[in-house]
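Fold and contact review
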Amino acid sequence: MTTYPLEPGPEQMQELGQAALDWVTRFVEGLARAPSDGRSTATPSTATPSTGTQSPDPALREALLAEPREDPSEFGVLLALFGAAAAQAIETAGPAYLGYVPGGGLYVSALAEFLARGANRFTGLAATAPELAAMEYGVLRWLCRTFSLPQTAGGLITTGGSMATLSAIVAARHDRLGEDFSAGTLYLSARTHHSAAKAARIAGLPAAAVRVVPTTVDLRMDVAAASQMIAADRQAGRRPFLLVATAGSTDTGTIDPLGDLGRLAAREGLWFHVDGAYGGFFQLTRRGRAALSGVEAADSIVLDPHKGLFLPYGTGVLLVRDTAPLRAAHSGDGDDDGSYLQDLSGDHELPDFSALGPELSRDFRGLRVWLPLRMHGVGAFRAALDEKLDLAAHAHGDLARDPRLELPWPPDLSTVAFRLRRGDDDANLRFLDRINASGHVFSSSTRVGGRVLLRLCILSHRTHLVHVDQALQIIHAAAREQ
Ligand SMILES: *Cc1c(COP(=O)(O)O)cnc(C)c1O
């Protein structure tokens, strides 16, 4: 009897699946005790504090880089290799990860991913799996309503904020400038995430088209300056077309004056884009909704479920006020969107996701958002986000009482920025090293106004008061060692 090795039988599938499930369960269980940076410890699953001195294992690297062999290998051996590779990492999934922008990674999303991949349905077009498209569309429709967008609104689940931003900028460019966009100019601030300028470049706009609007002392985009720059560009014969506001900057979590910027964009006929990749999901909370007031005027909004909904990396969202310009910007030339797809007639209630973004074939991203929202309920997410706001306020209050520390701005959301009061950039970078060398907290630094700034971004669903208090103790101790 012929056997096909690429098609494991039911018993083997159970066995492989169980081994993978065991690994994930042990991994998630171990996160509570994991050091914050597995790159610098020999036994990553124990509580051994990192020393920051050990170098990577060359034999492991060689095994991982090796070309695949002609013959099969044992799943268990390969799983162990994966485990060793995954351990050599900053512990982005653990409760002590307060660097960059954490998300944690929901277990139920990982299961959703397994199910979606197992079924392997095609969701680029609604007709090939209409009810799965409905699951994804339902999540998007709920998000549009959460941001009070009108009936014409819709969107797309992407692989992240950067891809969502790219589609937003392409839509804005196509809608406001048409085919010849050589005179177009867009407006952002020095605090805008670099994915916006990167998207502008990929969208064919020269670097000179990107205008960097100054910020006020509290790091928010200066509305009056933006207005003057737009007027000056018009005078010079340029075509201002896009205003990029940030609803929670990556560095300091600062929210631009969304209401005033939205009104400016409307008055000037500019596309109003709001980058909520970090801060957008705080809209689910009462305090966040108040802080994000004005976002409802956006022509497009970027969200990152792999940040504010705690999903594993690889899920972003683009919402648009009107799907028509998004569709127009992403259609192929003419009416021919691929004749080989002609047998698949559309379902008018559901969007064809491939018509709204650059991809045709794609993974079914809906389930990893749909399942946790339904299973845990929206209330669980609201409560977790509220907890992060409370923890950031607590951390800010606590650090502000330390005379050695300077806290230039109170947090708008869940990011707390601080630095040593006495000490230059080098002293602050050494301060960061001392904090992270504890192995019980991972913080990261940035530069604002040319000066080094340390930051705690509290956004993992696994980070609670006990972890933040431990981080605060470590920070106070590291400040005393200066
Ligand atoms: C993370 C982030 C992005 C980029 O999103 P990715 O999902 O990493 O591509 C854009 N803007 C802000 C404010 C972010 O925090």
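Provided above is the structure to which this section pertains.
Quick summary incoming for the structure in this document. (Residues numbered from 1 in each chain as written. Predicted model: local features only at pLDDT ≥ 70, side-chain atom pairs only at ≥ 80, totals over all residues. Heavy atoms only, no water.)

Before going further, it helps to spend a moment on the site of the ligand. Lining the immediate surroundings of the ligand are 13 residues, of which Gly-161, Ser-162, Asp-275, Asp-304 and Lys-307 lie closest. Taking Ser-162, its side chain carries an N or O atom lying 2.6 Å from an oxygen atom of the ligand. Burial of the ligand by the protein chains amounts to 86% of its free accessible area of 380 Å². Contributing elements (two or more residues each) for the shell around the ligand: α6 (161-177) and α11 (305-308). Looking at side-chain class alone, the shell around the ligand contains two nonpolar, eight polar and three charged residues. (Near = heavy atom within 4 Å. Polar contact = N/O pair within 3.5 Å; in protein donor to acceptor, adjacent residues only side chain to side chain. Areas by Shrake-Rupley, 256 points an atom, 1.4 Å probe, with all protein chains shown as cover. Helix = DSSP H or I, 4+ residues; strand = E, 2+ residues; numbered from the N terminus. Nonpolar A, V, L, I, M, F, W, Y, C, P; charged D, E, K, R; others polar.)

A large share of strand β1 (residues 154-158) lies buried, amounting to five of its five residues. In β1, alternate side chains face the same way, and those of Gly-154, Leu-156 and Thr-158 on one face and Gly-155 and Ile-157 on the other are all buried. (Buried < 20%, exposed > 50% of the residue type's maximum accessible area, 1.4 Å probe, protein only.)

Moving on: the packing of aromatic side chains. Counted under the stated rule, the structure contains seven aromatic pairs. Taking 4.9 Å as the distance between ring centres and 55 degrees as the angle between the ring planes, the aromatic pair formed by Trp-23 and Phe-82 counts as tilted. On the criterion of sequence distance, the pair formed by Trp-23 in helix α1 (residues 10-30) and Phe-82 in helix α3 (residues 75-87) is long-range, its members being 59 residues apart. Here Phe-82 falls in the partly exposed class, since its relative accessible area comes to 44%. With 6.1 Å between their ring centres and 10 degrees between their planes, Phe-310 and Phe-381 make a pair best called stacked. Within this pair, whereas Phe-310 is found in the loop between α11 and β7 (316-320), its partner Phe-381 is found in helix α14 (residues 378-400), the two being separated by 71 residues in sequence. Each member of the pair, Phe-310 as well as Phe-381, is classed as buried. In this structure an aromatic cluster arises from ring pairing among Trp-23, Phe-27 and Phe-82. (Phe/Tyr/Trp six-rings, centres within 6.5 Å; stacked < 30°, edge-to-face > 60°.)

Looking now at the layout of surface pockets. Here the largest pocket defines a volume of roughly 970 Å³. Along the walls of the largest pocket sit 33 residues, with Trp-23, Val-24, Phe-82, Ala-110 and Pro-312 positioned nearest its centre. With seven residues, the top contributor of residues to the lining of the largest pocket is α1. Class assignment for the residues of the lining of the largest pocket results in 21 nonpolar, eight polar and four charged. (1 Å grid on protein atoms, 1.4 Å probe; cavity = no way out; pocket = protein on both sides within 12 Å on 5 of 7 lines; lining within 4 Å. Points joined across faces, edges and corners; volume = space filled by probe spheres on them.)

Together, Leu-21, Tyr-107 and Leu-111 give the surface a local cluster of nonpolar side chains, amounting to about 220 Å² of exposed area. With respect to the helices, strands and loops of the structure, Leu-21 is situated in helix α1. For Leu-21, a relative accessible area of 32% gives the class partly exposed. (Patch = residues over 30% accessible without salt bridge, like charges linked within 9 Å, V, L, I, M, F, W, Y side chains within 5 Å. Salt bridge = Lys/Arg side-chain N within 4 Å of Asp/Glu carboxyl O.)

Taken by themselves, the reported measurements are silent on function.
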